[in-house]
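Observations on the model geometry
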Amino acid sequence: MNIAALLEKTARRFPKNRAISSGLEPHCDYATLAQRVAAIAGYLKNELHCQPGERIALVMKNSPQYIEALFGILHAGLCAVPVNAKLHRREFAYILENSAASHAFISDDFTDTIAELSNTIDTLKSFISVNSSAFQQVYNSTPLSLEQCEPDTIAWLFYTSGTTGQPKGAMLSHRNLMAMTQSYFASVDTIEPGSTLLHAAPMSHGSGLYAFPNIAAAAHQVVSQSGSFEPKEILQLINHYPEVSMFAAPTMIKRMVETPAAQNENTNNLKVMIYGGGPMYVADIKVAMERFGNKFAQIYGQGETPMTISCLNRADHLGRDDLPLDELLASVGCAQVPVEIRIADEKGNALPEGEVGEILVSGDTLMLGYWRNPEATAKTIVDGWLYTGDMGMLNAQGYLTLKDRSKDLIISGGTNIYPREVEEILLEHPDIIEVSVIGKADPEWGEEVVAFVVQREAATLDKAQLDAFCIANMARFKRPKHYHFVAQLPKNNYGKILKTELRALLD
């Protein structure tokens, strides 16, 4: 089994179908895409001498070449390591070193950064910019026949932040990605040949994962020319292309609703916006449906079971006779076809409907484990069940509602932020004695990061100083939006900081 076989099949059936465009400009058809992917695979195997299982990093913003490089890696039987382009340099370094990536495909934006890192990371042998003439020459490499892999061969190393403050690499196999692909058709939505997948969210995460079902269905993938999320540009592309689907964080949908362009652009071509990665308030989804119509589906998933835990499909958004609409819209839907969901107590025992407990998931989408982290794997997957760390409840009809997180995860703009990551960096500041980071509800971003800071006696820290320090040492989206300077942090008798009391101070 090789998930890249999806492209080979489609290229045989629909060779002249448009495969990728950059904005309004055609990039390639399916025959050309398949040829380029086989050539990239040949370059990796025959010129770089990559061995089975070798990790190849993608440090890139959204671009047509992202799909070419990703499928080239998979076609060669190698393991792709997509890296979030929004991360800080030190996080790039950790992921490249931890994964022992041997080569990297990059965007021009990261040439200097990756060049510097390659001098300190022994395993990183080479990198190539997909915007360069050298990459254009890769298209001329001798094509490689599709490498056959065992179903449980690692295909995608998905780095997701962990409670230890360092990212963990979820090992996703070809079987995992195939189960996810099939689940899209069974649980989320249909895709017709020639329809459009618009990449508005990062391709290193959910949007890139949805390339698989869309390629399987011979859909046309469109990448915005800006390479980022610009509501006006996205609305113009929706107006131009037929049967548009896209994956978006709730905050992206909110921005699209609120942009003035939303009142002028024709969105009849929009088929479905699939939202996930953070909570969507009931009031916000109602406003979005008033503007765009019944064109929404919600998915709940994690990197450890990519895009596949539950789904609230388009029909669900219209309501059911046996459930209040607000209750339905507040849920994250029912279990997707290839998985089972269990609500469990602290000992892992199943709880009855209506009771709140930890959400456990089982099925063929579950990761193989965490890369080079057997301890974390053993804690997260027990007897074939993934312990998500999220709390929720199931109702009589099987709809899952998230209630809380057993971990202190903050989701801002659809991106996961773990307080421990931010705290550890802030504690590197010489004038900070203690710090505790929590999330605060925000109507635009879902949550925003708030830091409670205890500074050294006689220190005179202010927001501007700490902002500058954070921007220099972490990804911009992770930095706190608010700082509260306190004399001491509330703690229990064991010295544990009481974040519940800190949250109460914000009410």
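Residues numbered from 1 in each chain as written. Predicted model: local features only at pLDDT ≥ 70, side-chain atom pairs only at ≥ 80, totals over all residues. Heavy atoms only, no water.

1. Some details on the overall build of the chain
- Counting its secondary structure elements, the chain contains 17 helices and 25 strands.
- At 23 Å, the chain has a C-alpha radius of gyration in line with the 23 Å of a compact globule built from 507 residues.
- Expressed as lengths along the three principal axes of its C-alpha atoms, the size of the chain is roughly 65 × 60 × 50 Å.
- Buried positions account for 58% of the 507 residues belonging to the chain.
- The long-range share in the chain, meaning contacts at least 24 apart out of those at least 6 apart in sequence, stands at 67%.
- Accessible surface computed for the chain: about 20800 Å², of which carbon and sulfur atoms make up 48%.
- Each charge class in the chain was averaged separately, 43 positive and 58 negative side chains, and the resulting centres sit 2 Å apart. (Helix = DSSP H or I, 4+ residues; strand = E, 2+ residues; numbered from the N terminus. Rg over C-alpha atoms; globule rule 2.2 N^0.38 Å. Buried < 20%, exposed > 50% of the residue type's maximum accessible area, 1.4 Å probe, protein only. Contact = heavy atoms within 4.5 Å. Areas by Shrake-Rupley, 256 points an atom, 1.4 Å probe, with all protein chains shown as cover. Lys, Arg positive; Asp, Glu negative; His and termini not counted. Charge placed at Lys NZ, Arg CZ, Asp CG, Glu CD.)

2. Overview of helix H7 (residues 174-188)
- The terminal C-alpha atoms of H7, which comprises 15 residues, lie 20 Å apart, in line with the 21 Å expected from a rise of 1.5 Å per residue.
- Along its length, H7 reaches its greatest deviation from straightness, about 25°, at Gln182.
- Of all 15 residues in H7, eleven are buried, a share of seventy percent or more.
- Turning to H7, its buried residues number three or more, namely His174, Asn176, Leu177, Met178, Ala179, Met180, Thr181, Ser183, Tyr184, Ser187 and Val188. (Expected span 1.5 Å × (residues − 1). Bend = angle between axes of the 7 residues up to and from the residue.)

3. Thoughts on the sheet that holds strand S23 (residues 432-442)
- Read from one edge to the other, the open sheet built from three strands follows the order S23-S24-S25, with strand pairing classed as mixed. At either margin of the open sheet sits one strand with a lone partner, and together these are S23 and strand S25 (482-485). Neighbour to neighbour, the strand axes of the sheet diverge by 25° on average, direction disregarded.
- Note: S23 against strand S24 (residues 446-455), ten bridges, orientation antiparallel. Paired with Glu434 across the bridge in S24 is Val454.
- Along the sheet face, helix H15 (residues 419-426) touches S23 and S24 and points at about 145° away from the line of S23.
- Contacts from helix H17 (residues 499-506) reach S23, S24 and S25, with the element oriented near 60° to S23. (Pairing = 2+ DSSP bridges. Axes fitted to C-alpha atoms, helices over the stretch in contact; angles between N-to-C directions.)

4. Some details on the sheet that holds strand S9 (residues 196-199)
- Strand order across the open sheet formed by nine strands is S2-S1-S10-S9-S11-S12-S13-S14-S15, with mixed pairing between neighbours. At either end of the open sheet lies a strand with only one pairing partner, and these are strand S2 (25-29) and strand S15 (334-335).
- Judged from the four bridges that link them, S9 and strand S10 (residues 220-223) form a sheet pairing that is parallel. What sits directly across from His199, in S10, is Val223.
- Against the sheet, H7 contacts strand S11 (244-248), strand S12 (270-275), strand S13 (296-302) and strand S14 (305-312), and its axis sits at roughly 5° relative to S14.

5. Quick notes on the pattern of salt bridges
- All chains considered together, the criterion is met by 17 salt bridges.
- Asp109 is the partner of Lys61 in a salt bridge, and the nearest nitrogen-oxygen pair spans 3.3 Å. Note that Lys61 is positioned in the loop between strand S3 (55-59) and helix H3 (64-75) and Asp109 in the loop between strand S5 (103-106) and helix H5 (111-118), a separation of 48 residues in sequence.
- Judged by its relative accessible area of 39%, Lys61 is partly exposed.
- Via salt bridges that share partners, Glu91, Glu421 and Lys478 belong to a single interconnected network. (Salt bridge = Lys/Arg side-chain N within 4 Å of Asp/Glu carboxyl O.)

6. Description of the packing of helix H1 (residues 5-13) against helix H2 (residues 30-47)
- Relative to each other, H1 and H2 sit at 145°, their axes nearing to 8 Å. Every pair of crossing elements has a handedness; the one defined by H1 and H2 is left-handed. Across the interface between the two elements, Leu7, Thr10 and Ala11 of H1 pack against Tyr30, Leu33, Ala34 and Val37 of H2.
- Across the contact of H1 with H2, the residue classes tally to six nonpolar, one polar and no charged. (Left-handed = near helix turned anticlockwise from the far one by under 90°. Nonpolar A, V, L, I, M, F, W, Y, C, P; charged D, E, K, R; others polar.)

7. Notes on the packing of aromatic side chains
- Here the structure, examined in full by the defined rule, presents ten aromatic pairs.
- Seen from their ring centres, Phe71 and Phe212 are 5.3 Å apart, and the 40° between their planes marks the pair as tilted. In this pair, Phe71 sits in helix H3 while Phe212 sits in helix H9 (residues 211-216), placing the two residues 141 residues apart along the sequence. Of the two residues, Phe71 and Phe212, neither departs from the other in class, the shared state being buried.
- Relative to Phe135, the ring of Phe105 lies with its centre 6.1 Å away and its plane at 85°, an arrangement referred to as edge-to-face. Remark: Phe135 occurs in helix H6 (residues 133-138) and Phe105 occurs in strand S5; sequence separation between them is 30 residues.
- Since its relative accessible area comes to 0%, Phe135 is described here as buried.
- Among the aromatic residues, ring-to-ring pairing joins Tyr184, Phe185, Tyr210 and Phe247 into one connected group.
- Its guanidinium or amino end placed over the ring of Phe477, Lys86 lies 4.8 Å from that ring's centre, counting from NZ or CZ.
- In this structure, Lys168 packs its charged tip against the face of Tyr370, placed 4.9 Å from the ring centre. (Phe/Tyr/Trp six-rings, centres within 6.5 Å; stacked < 30°, edge-to-face > 60°. Lys NZ or Arg CZ within 6 Å of the ring centre and 35° of its normal.)

8. Section: unusual backbone geometry
- The phi angle at Glu243 is positive, at roughly 45°, despite the residue not being glycine.
- In this structure, Glu243 sits in the loop between helix H10 (231-240) and S11.
- Not every positive phi belongs to a glycine, and Ala458 is a case in point at roughly 80°.
- Tracing the backbone through its elements, the reader meets Ala458 in the loop between S24 and helix H16 (463-473).

9. Quick notes on the nonpolar core
- The biggest cluster of nonpolar side chains holds 116 residues, and the ones touching the most others in it are Leu44, Phe105 and Phe212.
- When near neighbours in sequence (up to four residues on either side) are disregarded, Phe212 contacts Ile3, Leu6, Leu70, Phe71, Leu74, Trp156, Leu177, Met180 and Thr181.
- Ala57, Ala101, Val449 and Met474 belong to the second-largest nonpolar core, a separate cluster that totals 42 residues. (Core = buried A, V, L, I, M, F, W, Y, C linked by side-chain atoms within 4.5 Å.)

10. Some remarks on the environment of Asp383
- With respect to the element layout, Asp383 can be found in the loop between strand S18 (381-382) and strand S19 (385-394).
- Judged by its relative accessible area of 73%, Asp383 falls in the exposed class.
- The spacing of Asp383 and Ser362 is 21 residues in sequence and 9.3 Å in space, taken between C-alpha atoms.

Just geometry here; none of it tells us what the structure is for.
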